[in-house]
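The residues making up each chain are set out below.
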There are 2 protein chains.
Amino acid sequence: MTYQPPVRDYAFLLRDVLALERYANLPAFADASMDTVEAILEEAGKFTGEVLAPLNGVGDKQGCTWHPDHSVTTPAGFKDAYAKLVEGGWPALGSDPAYGGQGLPHVVNVAFSEMSSAANMAFAMYPGLTHGCYSAIHVGGSDEQKALYLPKLCSFQWAGTMNLTEPHCGTDLGLLRTKAVPQADGTYRITGQKIWISGGEQDLTENIVHLVLARIEGAPAGVRGISLFIVPKFIPDADGNPGVRNSVKCLGLEEKMGIHGNATCVISHEEATGWLIGEENQGLKIMFVMMNEARLGVGLQGIAQAEAAYQAAAAFAKDRLQGRSLTGPKNPDGLADPVIVHPDVRRMLMDARAIVEGGRAFMAWTALHGDLSHAHPDETVRQKGRDYMALMTPVVKAFLTDRGFQVCSDAMQVHGGSGFTEHFPASQYLRDVRIALIYEGTNGVQALDLVGRKLAAEGGRGVMSFFAELDAFCDAEAGAAMAPFTGPLAAAKGELQEATMWLMQNGLANPDNAGAASTDYLHLFGLVALAYMWALQAKAAQARIDGGDSDPFYATKLTLARYYMARILPETATRLTRLKTGSELVMALPAEAF
Amino acid sequence: MTYQPPVRDYAFLLRDVLALERYANLPAFADASMDTVEAILEEAGKFTGEVLAPLNGVGDKQGCTWHPDHSVTTPAGFKDAYAKLVEGGWPALGSDPAYGGQGLPHVVNVAFSEMSSAANMAFAMYPGLTHGCYSAIHVGGSDEQKALYLPKLCSFQWAGTMNLTEPHCGTDLGLLRTKAVPQADGTYRITGQKIWISGGEQDLTENIVHLVLARIEGAPAGVRGISLFIVPKFIPDADGNPGVRNSVKCLGLEEKMGIHGNATCVISHEEATGWLIGEENQGLKIMFVMMNEARLGVGLQGIAQAEAAYQAAAAFAKDRLQGRSLTGPKNPDGLADPVIVHPDVRRMLMDARAIVEGGRAFMAWTALHGDLSHAHPDETVRQKGRDYMALMTPVVKAFLTDRGFQVCSDAMQVHGGSGFTEHFPASQYLRDVRIALIYEGTNGVQALDLVGRKLAAEGGRGVMSFFAELDAFCDAEAGAAMAPFTGPLAAAKGELQEATMWLMQNGLANPDNAGAASTDYLHLFGLVALAYMWALQAKAAQARIDGGDSDPFYATKLTLARYYMARILPETATRLTRLKTGSELVMALPAEAF
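Cut-offs used in this document
- Residues numbered from 1 in each chain as written.
- Chains lettered and ligands numbered in written order.
- Predicted model: local features only at pLDDT ≥ 70, side-chain atom pairs only at ≥ 80, totals over all residues.
- Heavy atoms only, no water.
- Axes fitted to C-alpha atoms, helices over the stretch in contact; angles between N-to-C directions.
- Helix = DSSP H or I, 4+ residues; strand = E, 2+ residues; numbered from the N terminus.
- Parallel < 35°, antiparallel > 145°, perpendicular 65-115°, else oblique.
- Left-handed = near helix turned anticlockwise from the far one by under 90°.
- Contact = heavy atoms within 4.5 Å.
- Nonpolar A, V, L, I, M, F, W, Y, C, P; charged D, E, K, R; others polar.
- Least-squares fit on C-alpha atoms with pLDDT ≥ 70 in both.
- Buried area = accessible area lost by both parts, 1.4 Å probe.
- Salt bridge = Lys/Arg side-chain N within 4 Å of Asp/Glu carboxyl O.
- Polar contact = N/O pair within 3.5 Å; in protein donor to acceptor, adjacent residues only side chain to side chain.
- Buried < 20%, exposed > 50% of the residue type's maximum accessible area, 1.4 Å probe, protein only.
- Phe/Tyr/Trp six-rings, centres within 6.5 Å; stacked < 30°, edge-to-face > 60°.
- pLDDT = per-residue confidence, 0-100.
- 1 Å grid on protein atoms, 1.4 Å probe; cavity = no way out; pocket = protein on both sides within 12 Å on 5 of 7 lines; lining within 4 Å.
- Points joined across faces, edges and corners; volume = space filled by probe spheres on them.
- Expected span 1.5 Å × (residues − 1).

Caption draft 1: View of the packing of helix 16 (residues 511–546) of chain B against helix 17 (residues 552–568) of chain B. Residues and elements named next belong to chain B. It is the contact of helix 16 with helix 17, at a shortest axis distance of 8 Å, that shows an interaxial angle of 155°. Considered as vectors, helix 16 and helix 17 are oriented roughly antiparallel to each other. The interaxial crossing formed by helix 16 with helix 17 has left-handed handedness. On helix 17, the residues touching Gly526, Leu527, Leu530, Ala531, Trp534, Ala535, Gln537, Ala538, Ala541, Gln542, Arg544 and Ile545 of helix 16 are Tyr554, Ala555, Lys557, Leu558, Leu560, Ala561, Tyr564, Met565 and Ile568. Class assignment for the residues of the contact of helix 16 with helix 17 results in 16 nonpolar, three polar and two charged.

Here it is as structure tokens:
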């Protein structure tokens, strides 16, 4: 069975849960009527399901090939699919119309991104990073740089990459050594080796725009001396077409556990010509535009792979006959019942639905706040949007990938022995999704970002605003129909608030307390966020039912919301207990004891 | 860094925690003085660390090769290592001296098995399955069969396999179709296709003894019509040497996510000559001797891979310089601190230790009960041994592999981006261990075995005996030194007892309640079992400290025990809450909704 894009669920989220049409009066949302959006979702579903999904296994098995002339070949079919992607203008849905984008709200783009990542994660990374490169230049580049690069990036004729990591430094970018020497013509000579560069070389596009972090000669040590450069593979000529070959080359590909269809490159800059973006020594600030966007995109990969893996598991569970139901045969004419009759199999499928559909709502809700942070006329709404984007980014990234990985593992489990073989797709989903817990800042780094920076930002304004929103919702929806959802939500929010207070008191006293508590806190936060998402979905579904809609889709949503509250959310208690033990036991042993 | 076998921890377990010398008066333990055992552990450590570990990565990268003549080549170096294994007589440590075994208690063999599996899981499976084949023939075979096969299996000159699964049936063996036609000479002609046969063909041994489940013509349908046959690759001649080639052949190898060094074969029996073991239609009973042994061995693989992955992660965390400690530089003269200074990294390493060393104790404790079930003169002790073996087998298998997989995933996370590349061993450990959650009965099947069969067996005698043992221990050790351990243990035992009562009441009312609760119940059980193991280890370590031993090994054990109680055990609350929600929500949606 091939991947079925969740068109219906996105339509429900955008129309009923997030009520996108509320914002129809804002210019940024003017073209996003639900009719338009639903038509886009349908077409996105077709494109990703029909063009990208069939190449997923091919990409895994073939991988990419490096050639001694430093070129790289992507798996069979990727080049054609990429051409169709460019032709359809898909990844530019949310980009600036001034440079050829379609100017739709980012929340619509999230739907396309999830579908393309679920259909073929390794493929979707190529345009994904290009979009990040586009955003960094859009925010930090000069007018000339924008005019030169953005149309080509926006059309995806050219690809973009992020060149951050070096062999001795990844998370700790302050250590980086790639150097930039200013030239008389205003350019720089960039020299250094970068590793783990996704899409650093490929045969899909006529040019590749590397964004490279480097240190200008004489710059301060550490993170305050890092600048960002544009280093194109081919230097654009006077007409803006690919011209002279720059001295940047791919020295080899990384062998990895998954995402074989994406070329993970060692990139050598050998006095390559680069152009500074923004000001000297301000490179990290601009790179973080790209990084934050990438982090949301990685959270999305967690959900995307989980959705695809769930679909494969559900299809297998309905097809595979083995054993009988504990409550009597359900397929009496067959040799056995399908394994979906077994409660423990059903548990894994229900867990998957609760995480995937709750996580999808969380991504879309966060993305909408991102849109409002730019597009809303009211500064209080814009401010809340900015606060939420900052606060939720590490949660979206780490919680959704940790849980997505678990869903992919359960999906393999549903397959039994078949899941461990490469004849079924379960292994690829599990291997592919695993990187999402690591790149763009490991999930541990996300947790530290949450407790160390995001919670306290602006005096805790973001998290207090979130608590107030939850309180208001629970108060407003305390009636009998919604109490099964708002009751557990309010209780879990109380635990999150208690954990937040504990962190503020004990993290100040000893920063290691915050570090030791960080992952449990992040998961507690994510559990509460998804509880809110399920309460919002329950409310929207109940409204449909009350309005006489008998589509079982809505009753299913209510069941899943109850399931989440009863069976997923109770984990908050363990998370709270654990984080309050602080750092003493975590740090009790000397390093030599390990 | 290469794998370091946990010789010291086993010496502590066998000498101080399980106090093996208590049983020195029993014939079966007569040769197992601690001096002997420690010498064996040292040698086992050398053999596995020096011979098997260096071939682990080779096996993963090369895999096995199938040839058109139906032969299979194992990875480079496996054949030599296997010869050394046979020469050392290692896997026969616990086997019957009547057939060439060394007759040591099985608990000593557990140490060797863990070490060899940690050093090279794919390799260790070859002798592992041979030992299972030995056990099945030892229990069910005729005297003639024993005389013919056991010496060769005991010396590992011949290998053994289990032929259970067919393309349409794995868990549900009642569906199997391989047929056996009786011949005038007392043999049977066996015809059918078997899949996923580990070590079904290889170049390590001069003969392979397949144990094959098949249905004798005219036998009843379902599980009551299954018989077990010996089908040797080469039929032994009059001298017991490999003679005529039997018509059993390998049609191909499975492509898998991990354990590439083990040949997972499609085996075709084409009127192969087989010999019935035991009586007609009693095959499953004998096969379960092999299966139960295999299940304990799979739980052991979970811990073994976790130990090896932990070691790799700890070494990386002490070596990799990145960022600074939250409480000020710990390596001020270096560019950065080693990542082990970060509390969230330390958390993952501490979790690993708590699971691995607790799980190892649980395996050894269970194995000792297995030994006592045969070797003790007192029938009440033997009975308790049998009860515990039956009760704990699904917990050892599923809990230790679920947790071992999590440890392997955390070990990859400690590595950051390096962990996802195949240059470091983290990926192999994670890919290899994943099968342990699936084969020999998926972990869901184990959970159902626990709640559906094992709990209620003999009127619940096993579980009641376990509760009584925990009560007696907590009462006896209620003093100040042990209260930090027995307090949490007693509370968690109360939760397990509550869950057990809930199951007895609600599982009878509706079997789906038991199915829906099964995995949470199994984890709750495992959490309590490991809490007991940590309390036992704390007691033994405290006794050493009270005796004036200043080796930091013992203080580390006390810290790890406190860590387990504070940070791992609290999960029981969530497990109890979840399982008590029953099956209603789990089963609420119709199958078509998935």
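Caption draft 2: Spatial organisation of the relation of the copies chain B and chain A. Rotating chain B by 180° and translating it 0.0 Å along the rotation axis places it on chain A, where the RMSD comes to 0.0 Å. Here the transformation between the copies is reduced to the relation of a two-fold axis. Relative to the rotation axis, the closest C-alpha in chain B is found at Thr574 of chain B, a distance of 3.2 Å. A symmetric contact is evident, with 100% of the interface residues of chain B recurring at the interface of chain A.

Caption draft 3: Spotlight on the interface of chain B and chain A. Across the contact, 90 residues belong to chain B and 91 residues belong to chain A. For the pair chain B and chain A, the summed buried surface comes to about 7,800 Å²; carbon and sulfur atoms form 62% of the total. Three residues, Phe420, Arg567 and Phe594 of chain B, lead the burial of chain B against chain A; their summed loss comes to 12% of the area buried on that side. Joining chain B to chain A, the criterion identifies two salt bridges. One salt bridge connects Asp520 of chain A with Arg567 of chain B, and the closest N-O pair in it is separated by 3.5 Å. On inspection of chain B and its partner chain A, the count reaches 42 residue pairs in polar contact (both at pLDDT 80 or more). A per-class count over the side of chain B that touches chain A returns 40 nonpolar, 28 polar and 22 charged.

Caption draft 4: The environment of Ala53 of chain B, seen in detail. Residues and elements named next belong to chain B. Position of Ala53 relative to the elements: it lies in the loop between helix 2 (34–52) and helix 3 (56–62). Judged by relative accessible area, Ala53 falls into the buried class, the value being 14%. Through-space distance from the C-alpha of Ala53 to that of Met115 is 9.4 Å; in sequence the pair is 62 residues apart. Beyond its immediate sequence surroundings of up to four residues, Ala53 is in contact with Thr2, Tyr3, Thr48 and Ala119.

Caption draft 5: Seen up close, the pattern of salt bridges. Under the counting rule described, the total for this entry stands at 71 salt bridges over all chains. With a shortest N-O distance of 2.7 Å, Asp9 of chain A and Arg360 of chain A are connected by a salt bridge. Of the two residues, Asp9 of chain A sits in helix 1 (residues 7–17) while Arg360 of chain A sits in helix 9 (residues 343–375), which places them 351 residues apart along the sequence. Across this residue pair, the class does not change: Asp9 of chain A and Arg360 of chain A are buried. Notably, a salt bridge pairs Glu422 of chain B with Arg431 of chain B, separated by 3.1 Å at the nearest N-O pair.

Caption draft 6: Geometry of the packing of aromatic side chains. Residues and elements named next belong to chain A. Under the criterion given, the structure shown has 42 aromatic pairs over all chains. Between Phe78 and Phe123, the ring centres sit 5.4 Å apart and the planes meet at 75°, which makes this aromatic pair edge-to-face. With a gap of 45 residues between them, Phe78 in helix 4 (residues 78–88) and Phe123 in helix 6 (residues 121–140) connect regions that are remote in the sequence. For Phe78, a relative accessible area of 0% translates into the label buried. A ring pair is formed by Tyr388 and Phe466, whose centres lie 6.1 Å apart and whose planes are at 90°; its orientation type is edge-to-face.

Caption draft 7: Molecular detail of the confidence of the model for chain A. When the pLDDT values of chain A are averaged, the result is 96; 100% of them are 70 or greater. ipTM for the predicted complex: 0.97, alongside a pTM of 0.98.

Caption draft 8: Up close: empty space enclosed by the protein. Residue and element names in this part refer to chain A. For the structure shown, the criterion picks out seven cavities of 30 Å³ or more. Size it by volume and the second largest cavity reaches roughly 570 Å³. Lining the second largest cavity we find 31 residues, and of these Ser113, Gly128, Glu293, Gly297 and Val298 sit closest to its centre. For the lining of the second largest cavity, the secondary structure elements donating two or more residues are helix 5 (106–119), helix 6, helix 8 (283–319) and helix 9. The biggest single contributor to the lining of the second largest cavity is helix 8, with eight residues. Across the lining of the second largest cavity, the residue classes break down as 18 nonpolar, eleven polar and two charged.

Caption draft 9: Structural context of the packing of helix 14 (residues 461–476) of chain A against helix 16 (residues 511–546) of chain A. Residues and elements named next belong to chain A. For the pair helix 14 and helix 16, interaxial distance at closest approach is 12 Å and the crossing angle is 35°. Our pair here, helix 14 against helix 16, has a crossing hand that is left-handed. Each of Val463, Phe466, Glu469, Leu470 and Phe473 in helix 14 lies in contact with helix 16, whose residues at this interface are Tyr521, Phe525, Val528, Ala529, Tyr532, Ala535, Leu536 and Lys539. Grouping the amino acids of the contact of helix 14 with helix 16 by side-chain chemistry returns eleven nonpolar, no polar and two charged.

Caption draft 10: Examining helix 7 (residues 143–154) of chain B more closely. Residues and elements named next belong to chain B. With twelve residues, helix 7 extends 15 Å between its outermost C-alpha atoms, agreeing within 8% with the 16 Å of an ideal straight helix rising 1.5 Å per residue. All buried positions along helix 7 are accounted for by Gln145, Lys146, Tyr149, Leu150, Lys152, Leu153 and Cys154. Those residues of helix 7 that are buried are in contact with helix 6 (121–140), strand 3 (158–163), strand 6 (207–216), strand 7 (227–232), strand 8 (234–236) and strand 11 (264–277). Phe156, located one to two residues past helix 7, shows a positive phi value of around 65°.

Caption draft 11: Local environment of helix 15 (residues 483–509) of chain A. All names here are of chain A. The terminal C-alpha atoms of helix 15, which comprises 27 residues, lie 39 Å apart, in line with the 39 Å expected from a rise of 1.5 Å per residue. Residues Phe485, Thr486, Leu489, Ala492, Lys493, Glu495, Leu496, Ala499, Thr500, Trp502, Leu503 and Gly507 constitute the buried set of helix 15. On the buried face of helix 15, the contacting elements are helix 13 (443–454), helix 14, helix 16, helix 17 (552–568) and helix 18 (571–579).

Caption draft 12: Local environment of the side chain of Gln305 of chain A. Residues and elements named next belong to chain A. Among the structural elements, Gln305 can be located in helix 8. At a separation of 2.7 Å, a polar atom in the side chain of Gln305 contacts the main-chain carbonyl oxygen of Ser117. The contact partners of Gln305, leaving out residues within four places of it in the chain, are Ser117, Ala118, Met121, Cys408, Tyr429, Asp432 and Val433.

Caption draft 13: Quick look at the side chain of Ser418 of chain A. Considering the arrangement of structural elements, one finds Ser418 of chain A in helix 11 (residues 417–420). Accessibility expressed as a relative area gives 7% for Ser418 of chain A, which makes it buried.

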